[in-house]
Amino acid sequence: METLERLLLAHPFLAGIDPAFGRLLVGCTRNLRFAPGQYLFREGGPADEFYLIREGRVALELHAPARPPIIIAALGAGELVGASWLVPPYRWGFDAKATTNTRAFGLDATCLREKCDADHHLGYEMMRRLLPVMVRRMQAARQQMLDVYGHTSA
Amino acid sequence: MSAAIAPSPADPMLPAPWRVRAVRRETADVATLDLVPLEGDAPRFAPGQFNMLYAFGIGEVPVSVSGDPADPTRFVHTVRAVGAVSTAIVAAAPGSVLGLRGPFGSAWPVDAAEGHDLLIVAGGLGLAPLRPAIYQVLAGSERFGRIAVLYGGRGPAELLFRDELAAWGARADVTVAVTVDHSDPSWHGHVGVVPALIKKMDFDPSNTMALLCGPEVMLRFTATALRGAGVAADHIFLSMERNMKCAIGLCGHCQFGADFVCKDGPVLPYDRIAARLAVREI
Ligand SMILES: Cc1cc2nc3c(=O)[nH]c(=O)nc-3n(C[C@H](O)[C@H](O)[C@H](O)COP(=O)(O)OP(=O)(O)OC[C@H]3O[C@@H](n4cnc5c(N)ncnc54)[C@H](O)[C@@H]3O)c2cc1C
Ligand code: FES
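Everything quoted here is computed from the prediction, not taken from an experiment.

*Asks:* Got a sec to walk through a negative patch on the surface? Specific residues and values, please.
*Replies:* Residues and elements named next belong to chain A. Where like charges cluster on the molecular surface, the negative patch consists of Asp48, Asp108, Glu114 and Asp117. On the secondary structure map, Asp48 appears in the loop between strand E2 (39-41) and strand E3 (49-55). Its relative accessible area of 39% is what places Asp48 among the partly exposed residues.

And the structure:
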């Protein structure tokens, strides 16, 4: 447990967090491995865990009927996967698939939500860390939407 | 922005005939042409400069040089077919003749970047105007700090120079990161926008020079990300594109605020143009 706590606190997402919060979080955390091609989760499934990638690469895929899936983002070491665990009805909005051997921490969503509800300092700390990531991803998605490399630009 | 080389002193408005020696299809609508002069030697150029290429009877367009500045025998140009002239150039057969005048414009500050960490950031076709700078840098990489080439494209099929990117990526003296906006599952690399790659790079922002080329929107977001990371505005250089006619600072077609892109640019420092980039009509 002690090593898991040390490793968890070394993840960039939690850099500099109060060690007391680390102790709370580690109780919700498990160590995971995914083989290439293995899904962390599928669209529509229950968002009951969220992931901090330690090593490897995870592709976020969207599906449309009669078309190959589209990768909309690829995430690597130091990044987090998934925010749907925060937002009712707690269902994933896309697929997440490991494209290489991947190691990640899985944080149990119910456990985490309960701890954040019980300790608003922890809740605020988590939101403060999550929100910038979500905003950066939203901005990136907007840039992707512009299709800047299309035929009317360089 | 430095060490630009002036065009031949003969009439700079008069295209000289150049033979298409070889054509390489890069993507569905992009080709790279090797051009050799029918007479005389190829003039020297500095990375970042461009030539005016003339498809006889159709028209003339500015195109950056994409070849190695250390190769004095030819001009290499990488062109995307977007309209009448560029389509004619992309379709030019080996052996055919194009008109060429140049080289024109300012250059990437490669020499001034020595001793700095160097971020070379390209989007889409923007890798072509940066390739001469990459060749020059890699030929003397010991003179620079950490060197990174960041490249973004719409999808894997639209990426330029994939063999070369792989070869550069295999070198110990340069980090290469390629990202695409989206992809099918056969692509195992980065997916996301170029500015997001900057956060993943290891560089000293107080001693970094950045060279940027690509669509203007991507330039804006990338420059903002670099500023956010602490890179000084006067250490960020962008290659701008504007419509051109004379290419020698006479006609005013390429005016961009106080600058003529053909003469003062195309490579311009961000501190000089940041305010203009934010204005829609310029
Ligand atoms: C300094 C400089 C360097 C350049 N280097 C390169 C290069 O290395 N390779 C290359 O392929 N092109 C380059 N360009 C762009 C190239 O000059 C244009 O694509 C070309 O002028 C288009 O002419 P056209 O007659 O084929 O198309 P047009 O009939 O003029 O235009 C057809 C369509 O293309 C769009 N278009 C026009 N100009 C551009 C442009 N600059 N970028 C994107 N879309 C455009 C128009 O809006 C229109 O929709 C450069 C431009 C400048 C100013
Ligand atoms: S193209 Fe004529 S002034 Fe620049």
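*Asks:* Outline the site of ligand 1, supporting the account with residue identities and numerical values.
*Replies:* Residues and elements named next belong to chain B. Near ligand 1, the surroundings consist of 21 residues, among which Pro62, Thr78, Arg80, Ser86 and Glu241 are the closest. Residue Pro62 places a main-chain N or O atom 2.6 Å away from an oxygen atom belonging to ligand 1. In the environment of ligand 1, a nitrogen atom lies 2.6 Å from a nitrogen or oxygen atom belonging to the side chain of Glu241. Among the secondary structure elements, those contributing two or more residues to the shell around ligand 1 are strand E4 (59-64), strand E5 (75-80) and helix H1 (84-90). At 4 residues, E4 tops the list of elements feeding residues into the shell around ligand 1. Tallied by class, the residues present in the shell around ligand 1 amount to 12 nonpolar, 6 polar and 3 charged. Looking at which domains feed residues into the shell around ligand 1, each of domain 1 (3-106) and domain 2 (109-277) supplies at least three.

*Asks:* Tell me about the domain arrangement of chain B, and please be specific about residues and values.
*Replies:* Residue and element names in this part refer to chain B. You can read the domains of chain B as domain 1 (3-106) and domain 2 (109-277). If you average the C-alpha positions of domain 1 and of domain 2, the two centres end up 21 Å apart. Contacts between the two partners involve 27 residues from domain 1, matched on the other side by 25 residues from domain 2. For the pair domain 1 and domain 2, the number of links is 0 salt bridges. Linking domain 1 to domain 2 there are 5 residue pairs in polar contact (both at pLDDT 80 or more). Counting only elements with at least two residues in the side of domain 1 that touches domain 2, the list comes to strand E1 (16-27), strand E2 (30-37), strand E3 (50-55), E4, E5 and strand E6 (97-104).

Scoring rules and cut-offs
Residues numbered from 1 in each chain as written. Chains lettered and ligands numbered in written order. Predicted model: local features only at pLDDT ≥ 70, side-chain atom pairs only at ≥ 80, totals over all residues. Heavy atoms only, no water. Patch = residues over 30% accessible without salt bridge, like charges linked within 9 Å, V, L, I, M, F, W, Y side chains within 5 Å. Areas by Shrake-Rupley, 256 points an atom, 1.4 Å probe, with all protein chains shown as cover. Salt bridge = Lys/Arg side-chain N within 4 Å of Asp/Glu carboxyl O. Lys, Arg positive; Asp, Glu negative; His and termini not counted. Charge placed at Lys NZ, Arg CZ, Asp CG, Glu CD. Helix = DSSP H or I, 4+ residues; strand = E, 2+ residues; numbered from the N terminus. Buried < 20%, exposed > 50% of the residue type's maximum accessible area, 1.4 Å probe, protein only. Near = heavy atom within 4 Å. Polar contact = N/O pair within 3.5 Å; in protein donor to acceptor, adjacent residues only side chain to side chain. Nonpolar A, V, L, I, M, F, W, Y, C, P; charged D, E, K, R; others polar. Domains from an automatic or database assignment. Contact = heavy atoms within 4.5 Å.

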